[in-house]
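Single-letter residue listing:
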Amino acid sequence: MTGHQPNTGESFDAPAPESAYAAALGPAAENSAVTRLQTALRQDGEYPRASLEREFRLRRAALADRLALRSGDERDVAEAARTAFELLAFDLADGRFVLGPAGPGVPVWETSARPYVRQEYERWAELTDGGRDASVTKPGSR
């Protein structure tokens, strides 16, 4: 499978990073959102757990991918690959939340799941205004 470039998305039928993350929050705001999601996951009964876990995994993987693209550091690249495959595994186990055209079982993702994250994030961002509509709040507050 030479020619598949996880950093650029070349040879993957998935959006380029620039397109996938065009509507994303800045890294600091996204990190705060991921932290809030992680905290919410630890609390019982406030949110639909599976959809919250999916959003957490997606946003964490997208943030890791963005960091890896920016830094190029091999530890960041490894973290991006790990979190991307964790999202892919979650979606393989429970495909209710898959948004993009190529599902998690498509063989090309075996090369790299990072373009899968971009596909899913781009579609999710379209639906949530880059997470601005999906922020976790306490029940009853706005």
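Residues numbered from 1 in each chain as written. Predicted model: local features only at pLDDT ≥ 70, side-chain atom pairs only at ≥ 80, totals over all residues. Heavy atoms only, no water.

**Points about the confidence of the model for the protein chain**
The predicted structure's coordinates, where accompanied by low pLDDT, should not be read in detail.
Then comes step 1: For the protein chain, per-residue confidence averages 83 on the pLDDT scale, and 81% of positions sit at 70 or higher.
Then comes step 2: Per-element averaging of pLDDT across the protein chain places helix H2 (residues 27-42) at the bottom with 85 and helix H4 (residues 74-93) at the top with 96.
Then comes step 3: Here residues 135-142 scores under 50 on pLDDT; set against residues more than four positions off or in separate chains, the count is 11 contacts. (pLDDT = per-residue confidence, 0-100. Helix = DSSP H or I, 4+ residues; strand = E, 2+ residues; numbered from the N terminus. Contact = heavy atoms within 4.5 Å.)

**Some details on the pattern of salt bridges**
Then comes step 1: With the rule as written, the count across this model stands at 13 salt bridges.
Then comes step 2: Two residues, Glu-53 and Arg-57, come together in a salt bridge whose shortest N-O distance is 2.8 Å. Residue Glu-53 and its partner Arg-57 are located together in helix H3 (residues 49-71), separated by four residues, close to a single helical turn.
Then comes step 3: A relative accessible area of 19% means that Arg-57 is categorised as buried.
Then comes step 4: For Arg-75, the salt bridge is made with Asp-73, and the minimal N-O distance between the two is 3.3 Å.
Then comes step 5: According to the relative accessible area criterion, Arg-75 is exposed, its value standing at 63%. (Salt bridge = Lys/Arg side-chain N within 4 Å of Asp/Glu carboxyl O. Buried < 20%, exposed > 50% of the residue type's maximum accessible area, 1.4 Å probe, protein only.)

**Topic: the nonpolar core**
Then comes step 1: In this structure, Tyr-21, Leu-58, Trp-109, Val-117 and Tyr-121 are the most contacted members of the largest nonpolar core, which totals 19 residues.
Then comes step 2: Contact partners of Val-117, with chain neighbours within four places excluded, come to Tyr-21, Leu-58, Ala-61, Ala-62, Ala-84 and Leu-87. (Core = buried A, V, L, I, M, F, W, Y, C linked by side-chain atoms within 4.5 Å.)

**Observations regarding the packing of aromatic side chains**
Then comes step 1: Per the counting criterion, the structure on display carries three aromatic pairs.
Then comes step 2: Taken together, a centroid distance of 5.4 Å and an interplanar angle of 65° make the contact between Trp-109 and Tyr-116 edge-to-face. Judged on exposure class, the residue Trp-109 and its partner Tyr-116 are both buried.
Then comes step 3: Three or more aromatic residues joined by ring pairs make a cluster, and in this case those are Tyr-21, Tyr-121 and Trp-124.
Then comes step 4: Here the guanidinium or amino end of Arg-66 rests over the ring plane of Tyr-21, the centre of that ring lying 5.9 Å away. (Phe/Tyr/Trp six-rings, centres within 6.5 Å; stacked < 30°, edge-to-face > 60°. Lys NZ or Arg CZ within 6 Å of the ring centre and 35° of its normal.)

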